[in-house]
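# Understanding the architecture of this molecule
The lines below spell out each chain.
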Amino acid sequence: MLAKSLATENSASPAVSADEKPYVPPLAMMAIVGFTNTQAPIPPPSAPYNPNNNVVVSPLSFFYGGAITDHIGAFQQVTWNAPPAGGFGTDPFAAHTWTWDNTDVRYADSTRFGIFDVTYGITANNNPTVQDPWNTTPAWAFPYAASTLGNGFGPTTILDGAFAAHVASVGAYAFIDNLLYLEATVYTTLSPNAQNSLGTDPFDAPGLFDAAPYWRVAFEPHWGNHWLEVGTFGMAANVHPWMAAGTAVTSTFPQTDNYTDIGFDTQYQYQGDNYWITLRGSYIHENQNLNASFANGLSFNPNNILNEARAYASLAYGNNNRVVLTGQYFSTWGTPDALLYGGSPNTNGWIAEIAYIPFISSQAPGWPWFNMRLGLQYTLYTEFNGTNVGASANNTLFLYAWFAM
């Protein structure tokens, strides 16, 4: 789910004006070709990959994005993902390579309410935070390209992708005077059969829930060449865990695990003379009341806390910002749970990336719709699964070419 922009740090500077290109249908595609080296080899079984130094094409995505009527539009993504290291195992729902991906269908209109200009609408989407206008919430956060063979951020909150492509929703939003954004959305999980038909393994999510409210409030003042955003977002879900995940049985326990996620985010951008500076930060706190998991031997504790934080700085520079330098600190910490996490969830480290976007301000030779981002990314772990002993064995070098058209 990596397709918001090849140049998302500088979305205010389009590569080529629309007048320079003939009309084409609102269809697009992208592919990421990546080379991955991990400090320690992939533990066996690694097939269909080598123990180390692998070149993988993943993901490959196709998009529709544009107006359907004067007030209705859609962003729809279908993705092919390479199989995981070690194959799909015995999970009968896991053997999917094609899947529906980020999808957001909207109604939008504008009006004037007293002295305020208001843009308002309805969103129906399949991934909490995919509808968000900023790159601070999980669906569109850095890293925009990541190795499929890397080791990730450790355990994540349910709001950070746990139910992506497992849910459907409907919600309402309003943007008041281009300053205050408000949204309320309700999600429900799709049935296991529906998820499987859409190419999603239902067991990749913690379970099923009937209705989960999501909220978003953000304030974005703008002055001169400065943009600032501060906001909060969150979700509450009562999840029925799977009774026999990884088997053909899709029954859930009658009890629920109750999750409450509350997040805070901020972003500052400065537009200089042929450069942009971007600073971003986010924090999500999750309370877990594991009534079902604890009663059925799936968690060691009846209650847990999980936190995740990200801090990001970026400089996009030169010839309409062709070169992008990015650094990020990430940290996950919370209550140790021998059954849920196999120990401690505590994982933290740094990501450094340099990227080059050759056609951001000029057309690619022979094909004006072609674009590309070349990146070199390194992830360094200072703690992994609760220990700094051997954490560096998870360090990952990722060299990628991201193609889009």
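Our subject is the structure listed above.
Here is a short report on the structure shown in this document. Keep in mind the model is a prediction, meaning the values are calculated, not measured.

## Re the nonpolar core
By size, the foremost hydrophobic cluster in this structure holds 23 residues, and its most contacted members are Ile32, Ala145, Tyr400 and Trp402. Elements that contribute at least two residues to this core include exactly strand 1 (27–38), strand 14 (303–317), strand 15 (323–334), strand 16 (347–356) and strand 18 (396–404). By residue number, the principal contributor to this core is strand 18, which donates four residues. Formed by 17 residues, the second largest nonpolar core is a distinct cluster that contains Val167, Phe209, Ala212 and Tyr214.

## Some points on the environment of tyrosine 378
Here tyrosine 378 lies in strand 17 (residues 371–383). The exposure class of tyrosine 378 is partly exposed, given its relative accessible area of 33%. Considered as a pair, tyrosine 378 and threonine 38 are 340 residues apart in the sequence and their alpha carbons are 9.8 Å apart. If we ignore the near neighbours within four places in the chain, the residues touching tyrosine 378 are Gln39, Trp350, Ile351, Ala352, Asn395, Thr396 and Leu397.

## What about the side chain of serine 169?
Of note, serine 169 is situated in strand 6 (residues 167–176). Beyond its immediate sequence surroundings of up to four residues, serine 169 is in contact with Thr123, Ala124, Asn125, Thr185, Val186 and Tyr187.

## Concerning a nonpolar patch on the surface
On the surface, Ile277, Leu279, Leu315, Tyr317, Val323, Leu325, Ile354, Tyr356, Leu374, Leu376 and Leu399 cluster together into a nonpolar patch covering about 890 Å² of accessible area. Contributing elements (two or more residues each) for the nonpolar patch: strand 13 (275–290), strand 14, strand 15, strand 16 and strand 17. Residue position: isoleucine 277 is located in strand 13. Classification of isoleucine 277 as partly exposed rests on a relative accessible area of 32%.

Rules and cut-offs
Residues numbered from 1 in each chain as written. Predicted model: local features only at pLDDT ≥ 70, side-chain atom pairs only at ≥ 80, totals over all residues. Heavy atoms only, no water. Core = buried A, V, L, I, M, F, W, Y, C linked by side-chain atoms within 4.5 Å. Buried < 20%, exposed > 50% of the residue type's maximum accessible area, 1.4 Å probe, protein only. Helix = DSSP H or I, 4+ residues; strand = E, 2+ residues; numbered from the N terminus. Contact = heavy atoms within 4.5 Å. Patch = residues over 30% accessible without salt bridge, like charges linked within 9 Å, V, L, I, M, F, W, Y side chains within 5 Å. Areas by Shrake-Rupley, 256 points an atom, 1.4 Å probe, with all protein chains shown as cover. Salt bridge = Lys/Arg side-chain N within 4 Å of Asp/Glu carboxyl O.

That is the geometry; function is a separate question.
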